[in-house]
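One letter stands for each residue in the lines below.
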Amino acid sequence: MTKVLVVDDDFMVAKLHSRYVSQAEGFTVVGVAHSGAEALRAAERLRPDLVLLDVYLPDMDGITVLRELRAAEERDADRVSADALFITAARDAAIVRSALRAGALHYLIKPFNQAALHEQLRHVASLRSRLDRLDEARQEDVDQIFGTRPPGSRELPKGLAPHTAELVERILREHPGDMSASECAEAGSLSRVSARRYLEYFAETGRAQVTLRYGGTGRPERRYRRIG
């Protein structure tokens with residue numbers, strides 16, 4: 001189980017987030033804090049694997065809390081480093097940049113629904129599982145973990161062509177909202193099977209997000225949206 005510490009100054013919001021986490025498979029809430037100082041004390045006592053951290057706290061901002069956590073971990077060689085996921089209403093790009101530089105895994109902007117938080121928790125679980133299995137990382141392992149390597153520097157899997165990948169990525173970038181493999185195929189004069197292969201590759205490498213659209217009968221339609 002991934003142990004989670006929930007940090008939010010609003011008691012009701014913290015309670016809601018705790019319920020969301022408790023309903024996610026493989027996660028358990030070990031503590032709740034409503035201020036930065038309380039969060040630091042709880043992290044020292046409970047040693048969580050993941051901290052859900054708000055930016056706006058009554059005594060110090062969440063960025064400072066994360067930096068203090070990292071400093072405490074550096075002072076204690078036996079202390080396991082906790083991952084951090086910001087959950088906040090702060091939309092300022094400078095704050096997002098500071099959260100990233102402080103070592104946050106991701107940044108979820110309020111308001112959001114349970115599905116959005118569960119998606120981020122699954123991402124955290126996937127990263128932890130992938131890292132736990134690695135003794136030595138290959139470049140493709142690192143690319144999947146960070147998801148930030150420039151598209152042109154990626155080696156495509158066998159059977160995928162660079163010019164077609166660029167075409168599909170351009171279609172995704174220019175299309176408003178999400179799109180199906182059929183819509184992508186039509187826009188690029190490709191076969192539906194070919195378009196879906198590239199779209200799935202982008203989803204696997206973190207460049208596209210997949211959602212399901214449920215209709216009447218049969219399987220739900222997979223919809224793709226470019227990330228970044």
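Residues numbered from 1 in each chain as written. Predicted model: local features only at pLDDT ≥ 70, side-chain atom pairs only at ≥ 80, totals over all residues. Heavy atoms only, no water.

To continue, consider unusual backbone geometry. Between Lys-110 and the following residue, Pro-111, the backbone shows a cis peptide bond with an omega angle of -5°. Non-glycine residue Arg-47 carries a positive phi angle of around 50°. By the element assignment, Arg-47 lies in the loop between α2 (36–46) and β3 (50–53). A residue is classified by how much of its surface remains accessible, and Arg-47, at 30% relative accessible area, is partly exposed. One non-glycine residue, Ser-189, adopts positive backbone phi at about 55°. Considering the arrangement of structural elements, one finds Ser-189 in the loop between α8 (181–188) and α9 (192–204). Among the residues examined, Ser-189 registers a relative accessible area of 70% and is labelled exposed. (Helix = DSSP H or I, 4+ residues; strand = E, 2+ residues; numbered from the N terminus. Buried < 20%, exposed > 50% of the residue type's maximum accessible area, 1.4 Å probe, protein only.)

It is worth spelling out the sheet that holds strand β4 (residues 83–88) at this point. Spatial strand order, β2-β1-β3-β4-β5: five strands in an open sheet with parallel pairing. Looking along the sheet, the strands with just one partner apiece sit at the ends: β2 (27–33) and β5 (106–109). Across the sheet, the mean angle from the axis of one strand to that of its neighbour is 20°, orientation sign disregarded. Looking at chain direction, strand β1 (residues 2–7) and β2 are connected through six bridges and run parallel. By the bridge assignment, Val-4 is partnered in β2 with Val-29. In the packing of α2 onto the sheet, contacts are made with β1 and β2, and the angle to β1 comes to roughly 165°. (Pairing = 2+ DSSP bridges. Axes fitted to C-alpha atoms, helices over the stretch in contact; angles between N-to-C directions. Contact = heavy atoms within 4.5 Å.)

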